[in-house]
Structure formats: structure tokens, C-alpha cells
Amino acid sequence: MSLLSNLPIGASVEFARPVVFGGVPVAAVVLWLLVVRRGGDESESEAEPKSADSDPGRRARLALFGTRLVVVACLVTAAAGPTTVTTATTAGDPQVTMLVDQSASMGVHSPVADNLESDIEQEGVAVNRVTIGAKNRSRIGEGVVANLRPNASLLVVSDGQVTGGTSLSRAGDLAEEVNATVNRVRLTSNRSDVRVTLSGPRKASVGVESRFGVRVAGVEESPAGAKVTVSVDGSQVVSRAVPKDGTLSLSHNFSETGPHRVTARVSGTVEDAFAVNDVSRKTVQVVEQPRVLYVSRGDYALETYLRNLYDVTRAKSVPANLSDYYAVVVQDVAGPDLGNVGALQGHVIDGGGLVVVGGERAYEKGRYDNSRISSLLPVRPGGSTGQKSRVVLAVDVSGSAKAGMRVQKALALDVLSQLGDRNEAGVVAFDGNAYRVADLTSLKSGRAKLKRKIRSLRSGGSTNIGKGLLGASKVLGDEGGTVILLSDGRDSPKPAFGAAETLADRNVRVVSVGVGSVNEGLLRGVADRTDGTFLLADQTNRLRVEFGGPNRRYSGDHAVVVDDGHFVTRGISPTASLPGSNEVRVKPGADLLVATGYGAPAISTWRFGLGRVAAVTAYGPDGGLGDLREKPDSLLLSRSVNWAIGDPQRKATGVVSSPDTRVGEPTTVVYAGQNPPESAEKSGLSFSAVAPGRYEAEEVPTEVGYRELPGSAYAVNYPAEYASLGVASGLKQVVERTGGRAFSPRRPAAIASAIERQATRKRHVERSWDWIALLAGLVVLVGEICARRLGRYRGQGVIP
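Being a predicted model, the structure only gives us computed values, none of them experimental. (Residues numbered from 1 in each chain as written. Predicted model: local features only at pLDDT ≥ 70, side-chain atom pairs only at ≥ 80, totals over all residues. Heavy atoms only, no water.)

## Observations regarding the overall build of the chain
So, step 1. Scanning the chain from N- to C-terminus turns up 19 helices and 41 strands.
So, step 2. Across the 800 residues of the chain, 50% fall into the buried class.
So, step 3. Across the chain, every contact between residues at least 6 apart in sequence was considered, and the portion connecting residues at least 24 apart equals 73%.
So, step 4. Carbon and sulfur atoms make up 49% of the accessible area of the chain, which totals about 37,300 Å². (Helix = DSSP H or I, 4+ residues; strand = E, 2+ residues; numbered from the N terminus. Buried < 20%, exposed > 50% of the residue type's maximum accessible area, 1.4 Å probe, protein only. Contact = heavy atoms within 4.5 Å. Areas by Shrake-Rupley, 256 points an atom, 1.4 Å probe, with all protein chains shown as cover.)

Here it is, written out as C-alpha cells:
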């Protein structure tokens, strides 16, 4: 009793092998039979029966039974591994590694490192100062990783603007693994700066409108009121005050082939820390209109629209020779009338483009499922309307998801809101283990209950995506279904991939949704192994198409952009009403870009072989494309064809690629031809053969401006160091994830105090008490033996 009374307050008692306690009742029965029952039978056969109270032998046997049972209980307790777990606090050596960023972008902030270092040391905390950035080099993530130590404290004096190397997100992962704490110093801007960036196409066709975007941003000083000027080949085309949001766009038609130079310049600022980022440059390689084959048996306005953009040839079916065309556009043609589909397959596999436009004679209405063209398309003929799906949400509640738990639950609720009432849904939460939160239930009656269950989720410990997947599969049972995995993917790939392969064998498909700082490789790998799909958190609208149904449609009747990060849809807000659509289902691995208001696929894309394929499966009331021919929706059509065409210089010779770059960053110039370029020496480039008829040369420019090449050119812009100024959100996230703090440079005492607390570590102390159980059993056994011997000597209570 005295030993137990000395246990620390707050200690918890645990057993390593509690299952062995099941042997106690078995041992009790055996002892009873051997000691009490058997002994009683033998004595009764030799004497007249007596009552238990008057039978000394029976009392002795009961005493022996009791002591032996205590001995067995002590042995079993020892075998169960009794352990007390307490938390011990140890004081470490309070010191801090101060990582000081001395790169150029820090020039807009007041310098604080020197004074802060001495002030912290005056508070009794040792400072190890390390420089992690200089001039145009800001590899901040690498600096954090290089200085990580188990249980260490880091103090980062930086804006967190990473220009290369390890990302801050990865650095945060490693810091968590070694239990290191990352703190930062709040920076104060003491200089203002305005910078400009220019975006637009790398290549364009003669006579086709090209759109460019200009963005002006500032630190301390608002860009509004500054003046921006845009020129093309030295001739001014735009000069105006910068809007309040700092963005403006312009269009331009190029009338001649060859390289053209577009320059944006900002001026009129009161004070500007860096002049180098006041000018942004871009080159556009203008080529002849690509040749496109248009295949149709009807008269549609799309043909006229295409002729304004491309060199179009009309045909009623696909011919055998497609070598002259960059892309083939097929509109509303039935499967039996398509022509040479084999030639079309070879065209796409070899890098050609294909756009298939639906209608009353296409897809499921044109028997595409019986045609070889079906394998080329990103959609399957035949939709999912009216089908009931079985869906389990697997929600990551591990420690790595703790910081974004609110977002995690909000996303789970958003995903649930997109599942139609016809479906059944369940919920599984997982950290190091899987927890069944809600069994499959009809969403028509159980939606509110599932919402309450999701809102009640709490974050837990380690991450085991494999267990989460297997737990979700158990909820689905033998019938299979779909698991929607909501996670950041921060786990080891091998067990997760193994679980995914198990789910694939059970007819379970996984839709992985990346949340927060995402390990895309793992989440995409899990989805791919189950023939599923990987989505980012802002792409979950496409779930409405597959699982929505009539009661979960998009708002309004017009087309809806599902994926706004694709070349086809970027920056477009459709207004077209699309009352007609072909019944199709998007294939796994394809990209659903646009849906109709009632949730049917409208535009989908994917890559096939070396080529690109787009499927336009929604149409207007006349069977044609209706409102899709009008701006801004018409851009969806032209971009779909442009995307399918790909590189409009794919069939050209000479310098076919010379991407724009920045000072200090390499660019690769590509030359196509049978022999190396004769002008290589004049250009100062050294070309090497990388494939038959293809040569490449790499160059790292050292000055801003335009670099002239034979028949081409590329722009050299200011270093990335000046492209993003101010404190990066990535640094703030790392500090939050590792339990660090942001400190004012004027409070060194607070920094020193926090470092001392961070140096004080808590650890779990386990103490085994099996020896007490063994000692207790031995004491009881020895006492019982001694008592029996004494009894024998006195002639009392001897057991026959």
C-alpha cells in the first residue's frame, strides 16, 4: 500500500497485455476442482459427511484455495505488464538559432537583426546567428531545414519569400518531425515599392486577337494613381492610370509572323525602393493560322467561327491522311459516319488535337459506344442520371490537419451538400486509427444527422491514410462504392498505396480531395490505384455532376465553370444557357471543366498519347452551340481548339521554342531541323542533339532585356527576388504549425522568455510494476506454506 501511495499525482495505470486477465477465472475453476472439490470427495469417501462449519479439513482447503488463487492473480497481473505513465518536465539549455535573411527583398523592411541579437543575449539566452539569404538568392526553406535540430528553437528574421529550393511547407513538415519550434520576427516596412507583371500567350496566330493581363502591386504605397504604359514592338498601345485593384487587360491583333515584344512599364510613384521591377517584358511568337480539319454533315455556325481563327478545311468524314492538320474538329456526326477512325487515333497518339462537339447525332445518340472513337474521348456515352451511389467521406483529423480543422470540416460539409438525396452516405474519421462516425444512411432523411456528426469532429494524433481507407471500405461493405478522401496527404505512401490497391479489389473507387498544404503525389497515387480522381479543395464542384441529381443542381440555368485553373476556363464567367446535352459520364483521369446548370458535363478534356482531346457535350436549343458562340462563352470554344492544337509550331523548323525567363534563371532554346543551326556560333548558343531532328541549348542570362535569336526572341525579366514583396503567408503557416509565435523586435525579453519555455520539454515516463505483483505472490505463497507447516506441527488442519 505504501508503494502505491508513492505514485505520482496524475499518473495513469496501464497494462501492456490486458488480455491475459482472462486466465484468472479459468485458473479459479481449475483450483476449485483440484483443491476443494477433489479433496472433499476423498474425505467424504472415508468418513461421514459433516457440515462445512464443523469440517476443519474443508476450512483448510478453502483457505488453501484462496491463497493459491491470490498467487495466480499476482502472476497473471505481472504477466499483464502493469505500468504507470507520468509526464516529466525537463529543463533544457535555452538557446536560439536566429536565421537572418539578407536578400534584396528585405530592403523594404527596417533592419532589426543586429540589435535583436544583442538584446536577446542580454536576457540570458544564447543566440546562434545564421545567414540564410543574400542578394537575389532567397532559399529560405533550405535555410530552415539546414538548421533544424531535435527540440530546437528557431527565430526567423525574414519575409519568407522563397525563390528556390525547399518550400517552407516542406520545411514545416520536417520541423514537426523533430519537434522543433519555428518563431518569426514581425517586420515593419520602411520603404515603399511598386512592381508590374505582364501575362499573356507565348504564341499567337496572325490576325487572331490575343489578350494580355497587367498587374501592378505595391508595398506600403497603393498602386492606384500610378501610371502604366504598354507598348508592342516599341509602339505605345495603352497608357492609363492603374485601377484600384491594380489589374487591367488589353487585346491586340498581330499582323505579321515572327517574334513580337510586349512591354509594360509603371511610373508616377512617389517613392520606389527598386526600379528594376518597374518594367515587365514578354515575347509573343506569331505564326500562320494552324490548319484545322472540320468534319460535319450539317450546317452549323461553328464552322464560320472557326474560319475566323484558323485555316479550316471542310470534310464530311475523317480521311485517311491527317498529316497536314494540327487538330480535327468533329461536330454532331454519328459513329457509323465518322470515316477513318483509325487514322484519327493515329493522329492523336502522334500529338494531334481532337475536339468532338455533340448534338442529336453524337455520343450516346450517335452510337459512339460501338465506335473506336469512344476510347479517344474523355467521356463515356451514357450518363449517371437516376443512379444511386454509396459514398463514405473519410475525413483526416490527424495532428497534421489540426491547424486547418475548421477548413477540413467546412469542406466535408460542402462535399456533403453536393451529394444528391438519392445517394447513401456515411462518415469515417481517421488519425492513427479509423473511427466509424456514421454508417451509411439515405441522404434524403439523414442529411441533418450527418452534418451534426461532421461538425462534432475533433483533431487527433498521427496520420494513417491506409487505415482511414480500409475503415471507410468496411462501412461500404461487400457492395463497394466510392470513398471521398479529405486529407492533406501527409503520410508514408507505401501503406496508403497498399490500402488503395485493396480497395480497388473490393470495387471501391477513391476520390482524393487535397486540403491545406497538400502532398499531391500521395493523394493522386491513391486515386489512380482505384481508377479514381484527384481534386484540389476548390475543384469539388465536379462532385455535383456525378453525385448531385435533380435536387443538387447548380444555381441558375447558365453554364458553370467547374475547374477555373485550366487554360480553357481561366478567367471566364460563362453566361450561356445550354438546354441540351448528351448523356455522358466523365472518365477517371479526365478534367471536367464546364457543366450545365443542371449538372451535366458540358466541356471535358484529357490527354491521349501525345495528343489532346476535348469533348463539348452541351448544345443550344437548335442543336448547335447556341449562346456558346457569343462572348464571353465563345472563348471556351476557341480555347478548347487552341488547347487541342497545342504548339502551333509543332510542324515547323528552326527555333521553335525560346521561353521568357528571369535574370539568373535558365531558359532552354529548342531548334527543330535535320542539322544543327548554322547560326549557333553567331547567337553564342551551344546546341546539343536530344532527339532525331531536335537540338537544345540552355542559357542563363545576367541582364534584363530582350535576347534576339534567328527568327525568334525571348524576354529576360527582373529576378524573382523583386516579384513578391512583403511577408509571405507560407512563413506564417509554418510558425503556426510548429507551435511558434510572432514577436515584435522591440520585445527581446518576451522572446527570451518564450525560448526558455520552449527549451522546457515534457516527456512521458513509463515505470513497470510487474515486480510488485511477483513479490506479492511470493509473499502470499511463502506465508501459506509456513502457515501449513506450523499447523502440521500443532496437529491442526492437516489436509489428507
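Resuming the write-up.
## So, the pairing of strand E39 (residues 712–717)
So, step 1. With 6 of 6 residues buried, E39 is to be regarded as a mostly interior element.
So, step 2. Going residue by residue along E39, you find Ser712, Tyr714 and Val716 tucked away on one face and Ala713, Ala715 and Asn717 tucked away on the opposite face as well.
So, step 3. Pairing of strand E34 (residues 661–662) with E39, which is carried by 2 bridges, proceeds in the parallel orientation. Its bridge partner being in E39, Arg662 is matched across the sheet by Asn717. (Pairing = 2+ DSSP bridges.)

## Notes on the packing of aromatic side chains
So, step 1. On inspection of all chains with the given rule, the structure shows 8 aromatic pairs.
So, step 2. Between Trp606 and Phe608 the ring centres are 6.3 Å apart and the planes differ by 40°, which places this aromatic pair in the tilted class.
So, step 3. Trp606 gets classed as buried once you look at its relative accessible area, which sits at 17%.
So, step 4. Aromatic side chains Tyr671 and Tyr695 sit 6.5 Å apart centroid to centroid with 55° between the ring planes, which places their arrangement in the tilted category. With Tyr671 in strand E35 (residues 667–672) and Tyr695 in strand E37 (residues 694–699), the pair connects residues that are 24 residues apart, well separated along the chain. Side by side, Tyr671 and Tyr695 carry an identical accessibility label, which is buried.
So, step 5. Three or more aromatic residues link up through ring pairs in this structure, and these residues are Tyr671, Phe687 and Tyr695. (Phe/Tyr/Trp six-rings, centres within 6.5 Å; stacked < 30°, edge-to-face > 60°.)

## Describing the sheet that holds strand E24 (residues 508–514)
So, step 1. If you trace the 6 strands from one edge of the open sheet to the other, you get E22-E21-E20-E23-E24-E25, paired in mixed fashion. The two strands at the open ends of the sheet, each matched to only one other strand, are strand E22 (434–442) and strand E25 (533–536). Adjacent strand axes in the sheet meet at a mean angle of 20° when their direction is disregarded.
So, step 2. Across 6 bridges, the pairing between strand E21 (residues 424–430) and E22 is antiparallel. From the neighbouring strand, Glu424 faces E22, where its bridge partner is Ser442. (Axes fitted to C-alpha atoms, helices over the stretch in contact; angles between N-to-C directions.)

## Some details on the side chain of Gln161
So, step 1. Secondary-structure assignment places Gln161 in the loop between strand E5 (153–157) and helix H6 (168–177).
So, step 2. A distance of 2.7 Å separates a polar atom in the side chain of Gln161 from the backbone oxygen of Gly726.
So, step 3. Setting aside its immediate chain neighbours within four residues, Gln161 contacts Ser138, Ile140, Ser724, Leu725, Gly726, Val727 and Ala728. (Polar contact = N/O pair within 3.5 Å; in protein donor to acceptor, adjacent residues only side chain to side chain.)

## A short note on unusual backbone geometry
So, step 1. The residue Asn151 is not glycine, and still its phi comes out positive at about 65°.
So, step 2. Following the sequence through the fold, Asn151 ends up in the loop between helix H5 (140–146) and E5.
So, step 3. Even without being glycine, Asp531 reaches a positive phi, approximately 60°.

## Here we look at the side chain of Ser280
So, step 1. Structurally, Ser280 can be placed in strand E14 (residues 279–287).
So, step 2. Exposure remark for Ser280: the relative accessible area of 5% places this residue in the buried category.
So, step 3. A polar contact is formed between the side chain of Ser280 and the backbone nitrogen of Leu198, at a distance of 3.1 Å.
So, step 4. The residues contacting Ser280, other than those within four sequence positions of it, are Val196, Thr197, Leu198, Val262, Thr263, Ala264 and Asn717.

## Thoughts on the nonpolar core
So, step 1. Ranked by size, the top nonpolar core spans 35 residues in total, and within it Leu302, Leu306, Tyr310, Val329 and Val355 carry the most contacts.
So, step 2. Element by element, the count of residues in this core is highest for helix H15 (residues 634–645), at 6 residues.
So, step 3. Those residues in contact with Tyr310 that sit more than four places away from it in its chain are Gln289, Pro290, Val292, Ser638, Val641, Asn642 and Ile645.
So, step 4. In this structure, Val333, Leu376, Leu377 and Val586 belong to the second largest nonpolar core, which totals 32 residues. (Core = buried A, V, L, I, M, F, W, Y, C linked by side-chain atoms within 4.5 Å.)

## Some remarks on the pattern of salt bridges
So, step 1. Counted according to the given criterion, the structure contains 23 salt bridges.
So, step 2. Two residues, Glu303 and Arg314, come together in a salt bridge whose shortest N-O distance is 2.6 Å. Pair noted here: Glu303 is in helix H7 (residues 301–307) and Arg314 is in strand E16 (residues 311–315), with a separation of 11 residues, a long-range link.
So, step 3. Judged by relative accessible area, Glu303 falls into the buried class, the value being 13%.
So, step 4. Classification of Arg314 as partly exposed rests on a relative accessible area of 31%.
So, step 5. Residue Glu501 is joined to Arg529 by a salt bridge in which the shortest nitrogen-to-oxygen separation is 3.6 Å. Pair noted here: Glu501 is in helix H12 (residues 493–505) and Arg529 is in helix H13 (residues 520–529), with a separation of 28 residues, a long-range link. (Salt bridge = Lys/Arg side-chain N within 4 Å of Asp/Glu carboxyl O.)

## Some details on a nonpolar patch on the surface
So, step 1. Side chains of Trp771, Leu775, Leu778, Val779 and Val782 sit close together on the surface and give an oily, nonpolar patch of about 460 Å² of accessible area.
So, step 2. Along the chain, Val779 turns up in helix H19 (residues 770–793).
So, step 3. The class of Val779 is exposed, set by a relative accessible area of 53%. (Patch = residues over 30% accessible without salt bridge, like charges linked within 9 Å, V, L, I, M, F, W, Y side chains within 5 Å.)

## Here we look at the sheet that holds strand E4 (residues 126–135)
So, step 1. Pairing is parallel across the open sheet formed by 5 strands, whose spatial order is E4-E3-E5-E6-E40. At either end of the open sheet lies a strand with only one pairing partner, and these are E4 and strand E40 (742–743).
So, step 2. As defined by bridge partners, strand E3 (residues 95–103) adjoins E4 across 9 bridges and the pair is classed as parallel. From the neighbouring strand, Gln102 faces E4, where its bridge partner is Ala134.
So, step 3. Where helix H4 (residues 113–122) meets the sheet, its contacts fall on E3, E4, E5 and strand E6 (181–185), and the angle it forms with E4 comes to roughly 165°.

## Here we look at a positive patch on the surface
So, step 1. A cluster of like positive charges, contributed by Arg186, Arg741, Arg747 and Arg757, occupies part of the molecular surface.
So, step 2. Inspection of the secondary structure assignment puts Arg186 in the loop between E6 and strand E7 (193–199). (Lys, Arg positive; Asp, Glu negative; His and termini not counted. Charge placed at Lys NZ, Arg CZ, Asp CG, Glu CD.)

## Some points on the pairing of E7
So, step 1. Counting buried residues along E7, 5 of its 7 residues qualify, which places the element largely inside the surrounding structure.
So, step 2. Where E7 and strand E9 (residues 209–219) come together, 7 bridges link them in antiparallel fashion. In the strand pairing of E9, Arg195 is matched with Ala217.

## Thoughts on helix H9 (residues 405–418)
So, step 1. Helix length check: H9, at 14 residues, gives a terminal C-alpha distance of 20 Å against a target of 20 Å (1.5 Å per residue), a fit within 8%.
So, step 2. Taken together, the buried positions of H9 are occupied by Met405, Gln408, Lys409, Leu411, Ala412, Leu413, Val415, Leu416 and Gln418. (Expected span 1.5 Å × (residues − 1).)

## So, the environment of Pro111
So, step 1. Residue position: Pro111 is located in the loop between E3 and H4.
So, step 2. Remark: the alpha-carbon pair of Pro111 and Thr188, spanning 77 residues in sequence, is separated by 8.9 Å.

## A short note on helix H17 (residues 729–737)
Each α-helix winds once per 3.6 residues, and so residues spaced three or four apart point in a common direction.
So, step 1. Inspection of H17 places Leu731, Val734 and Val735 among the buried residues, and these make up the whole buried set. Projection of H17 onto a plane perpendicular to its axis shows the buried side chains occupying an angular sector of 100°, all on one side.
So, step 2. The secondary structure elements touched by the buried residues of H17 are E5, H6, E6 and E40.
So, step 3. With its phi angle positive at about 80°, Gly739 sits one or two positions after the end of H17. (Arc of directions from axis to C-beta.)

## Side note on the packing of H12 against H13
So, step 1. Across the interface, H12 lies against H13 with an axial gap of 8 Å and an inter-helix angle of 20°. The orientation of H12 with respect to H13, classified from their angle, is roughly parallel. Crossing angle aside, the handedness with which H12 passes H13 is right-handed. Across from Pro493, Ala496, Phe497, Ala500, Glu501 and Ala504 in H12, the residues of H13 making contact are Gly521, Leu522, Gly525, Val526 and Arg529.
So, step 2. A breakdown of the residues in the contact of H12 with H13 according to their chemical character gives 7 nonpolar, 2 polar and 2 charged. (Parallel < 35°, antiparallel > 145°, perpendicular 65-115°, else oblique. Left-handed = near helix turned anticlockwise from the far one by under 90°. Nonpolar A, V, L, I, M, F, W, Y, C, P; charged D, E, K, R; others polar.)

Just geometry here; none of it tells us what the structure is for.
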